[in-house]
Amino acid sequence: DVKVTQSSRYLVKRTGEKVFLECVQDMDHENMFWYRQDPGLGLRLIYFSYDVKMKEKGDIPEGYSVSREKKERFSLILESASTNQTSMYLCASSLVQLNEKLFFGSGTQLSVL
Amino acid sequence: AQSVTQLDSHVSVSEGTPVLLRCNYSSSYSPSLFWYVQHPNKGLQLLLKYTSAATLVKGINGFEAEFKKSETSFHLTKPSAHMSDAAEYFCVVSDPPGGSYIPTFGRGTSLIVHP
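These numbers were taken from a predicted model, which means no experiment stands behind them.

Let's talk about the overall build of chain A
Then, number 1: Counting secondary structure elements, chain A contains 0 helices and 11 strands.
Then, number 2: Each helix (α) and strand (β) of chain A, taken in turn from the N terminus, gives the series β-β-β-β-β-β-β-β-β-β-β.
Then, number 3: Against the globule reference of 13 Å for 113 residues, chain A gives a C-alpha radius of gyration of 13 Å, in line with a compact fold.
Then, number 4: For chain A, the spread of C-alpha atoms along the three principal axes comes to 40 × 30 × 25 Å.

Take a look at the structure:
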């Protein structure tokens, strides 16, 4: 089975800190995604990557950046964390073929105080 | 641009009664459509997907969905609810290349199942 691993289940950070969220997948998937999930808003796409060193903005990229130096790893960076970035962050991966299903990690609940 | 609307934020049913979760989509293409389920404190899991084959799609755990192009709908149904079906359900649309092929999620429907 495909495994998508997010480095932390819970994270507490201070306002202004630089935060790194790591995601690793073990099935050689080309596509990787970062979503944030907030109650009543569903999942909103922050960034996605379709290849190493390639990235594209999603619907809500402000305040975030990403890095994909290796195919299996996709990192989300909060340059200067703010309280409105308190959320559940979900990483997903999929094959490059059209409309393959997404495989999700278990999520990181980030609290910014 | 593609979009998806889940018409109910909460649906409450009694165990053993039918389930209907409604989803409407907007797309300039012939999209692929998905339903995902998220149980409390668990990861998201694919229930079923439609990719222009049969319009009635069967998924896991007795769920199915019907693609109706004329109504731009992809409603999720189950004949008889079980307590274990209580979860958050997400409808997802994905355009083919030429459109925005990135999966777009609806806001979710919380299914509550009463004994």
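Next comes the rest of the write-up.
What to know about the state of the cysteines
Then, number 1: Tallied over the full model, the rule gives 2 disulfides over all chains.
Then, number 2: Two residues share a disulfide in this structure: A:C23 and A:C91, whose sulfurs sit 1.9 Å from each other. One disulfide, between A:C23 and A:C91, carries an S-S torsion of -75° and so falls in the left-handed class. Residue A:C23 is found in strand β3 (residues 19-25), and its partner A:C91 is found in strand β9 (residues 87-94); the two are separated by 68 residues along the sequence.
Then, number 3: Linked covalently through their sulfurs, B:C23 and B:C91 form a disulfide whose S-S length is 2.0 Å. For the disulfide bridge between B:C23 and B:C91, the dihedral angle about the S-S bond is near -70°, and by the sign convention the bridge is left-handed.

Some thoughts on the sheet that holds strand β7 (residues 64-70) of chain A
To summarise the sheet geometry, strands pair through backbone hydrogen bonds and adopt either a parallel or an antiparallel arrangement.
All names here are of chain A.
Then, number 1: Taken in spatial order, the 4 strands of this open sheet run β1-β3-β8-β7, and their pairing is antiparallel. Edge positions in the sheet fall to β1 (4-6) and β7, since each of these pairs with one other strand and no more. Pairwise comparison of adjacent strand axes, ignoring direction, gives a mean angle of 20° for this sheet.
Then, number 2: Examined bridge by bridge, β1 and β3 share 3 bridges and lie antiparallel to one another.

Observations concerning the interface of chain B and chain A
Then, number 1: Each side of the interface is counted separately: chain B has 21 residues, and chain A has 18 residues.
Then, number 2: Of all residues in chain B, B:I102, B:F105 and B:R107 bury the most surface against chain A, accounting for 30% of the area lost on that side.
Then, number 3: Here chain B and chain A share 0 salt bridges between them.
Then, number 4: Between chain B and chain A we count 3 residue pairs in polar contact (both at pLDDT 80 or more) in total.

Overview of the nonpolar core
Then, number 1: Core analysis: the biggest nonpolar cluster contains 26 residues, and B:W35, B:F74, B:L76 and B:Y89 have the highest contact counts within it.
Then, number 2: Examining the composition of this core, we find that 4 residues originate from one element, strand β10 (residues 87-94) of chain B, more than from any other.
Then, number 3: Counting residues in each nonpolar core, the second largest holds 20 residues, with A:Y47, A:Y64, A:F74 and A:L78 among its members.

Details of the packing of aromatic side chains
Then, number 1: Per the stated rule, a full pass over the model turns up 15 aromatic pairs over all chains.
Then, number 2: Here A:F104 and B:Y36 contribute two aromatic rings whose centre-to-centre distance is 5.9 Å and whose plane-to-plane angle is 85°, an arrangement assigned as edge-to-face. Pair noted here: A:F104 is in strand β10 (residues 103-104) and B:Y36 is in strand β5 (residues 32-38), and the two residues belong to different chains.
Then, number 3: Since its relative accessible area comes to 12%, A:F104 is described here as buried.
Then, number 4: Residues B:Y25 and B:F67 carry aromatic rings whose centres are separated by 5.8 Å and whose planes lie at 25° to one another, so their mutual orientation is stacked. Taken as a pair, B:Y25 in strand β4 (residues 23-26) and B:F67 in strand β8 (residues 64-68) lie far apart in primary sequence, 42 residues in all.
Then, number 5: The exposure class assigned to B:Y25 is buried, which follows from its relative accessible area of 8%.
Then, number 6: Exposure remark for B:F67: the relative accessible area of 10% places this residue in the buried category.
Then, number 7: Put simply, the rings of A:F33, A:Y35, A:F48, A:Y50, A:F104, B:F34, B:Y36, B:F90 and B:F105 pair up and form one aromatic cluster.
Then, number 8: Looking at A:R9, its charged tip hangs above the ring of A:Y10, at a distance of 5.3 Å from the centre.

About the criteria used
Residues numbered from 1 in each chain as written. Chains lettered and ligands numbered in written order. Predicted model: local features only at pLDDT ≥ 70, side-chain atom pairs only at ≥ 80, totals over all residues. Heavy atoms only, no water. Helix = DSSP H or I, 4+ residues; strand = E, 2+ residues; numbered from the N terminus. Rg over C-alpha atoms; globule rule 2.2 N^0.38 Å. Disulfide = S-S within 2.5 Å. Pairing = 2+ DSSP bridges. Axes fitted to C-alpha atoms, helices over the stretch in contact; angles between N-to-C directions. Contact = heavy atoms within 4.5 Å. Buried area = accessible area lost by both parts, 1.4 Å probe. Salt bridge = Lys/Arg side-chain N within 4 Å of Asp/Glu carboxyl O. Polar contact = N/O pair within 3.5 Å; in protein donor to acceptor, adjacent residues only side chain to side chain. Core = buried A, V, L, I, M, F, W, Y, C linked by side-chain atoms within 4.5 Å. Buried < 20%, exposed > 50% of the residue type's maximum accessible area, 1.4 Å probe, protein only. Phe/Tyr/Trp six-rings, centres within 6.5 Å; stacked < 30°, edge-to-face > 60°. Lys NZ or Arg CZ within 6 Å of the ring centre and 35° of its normal.

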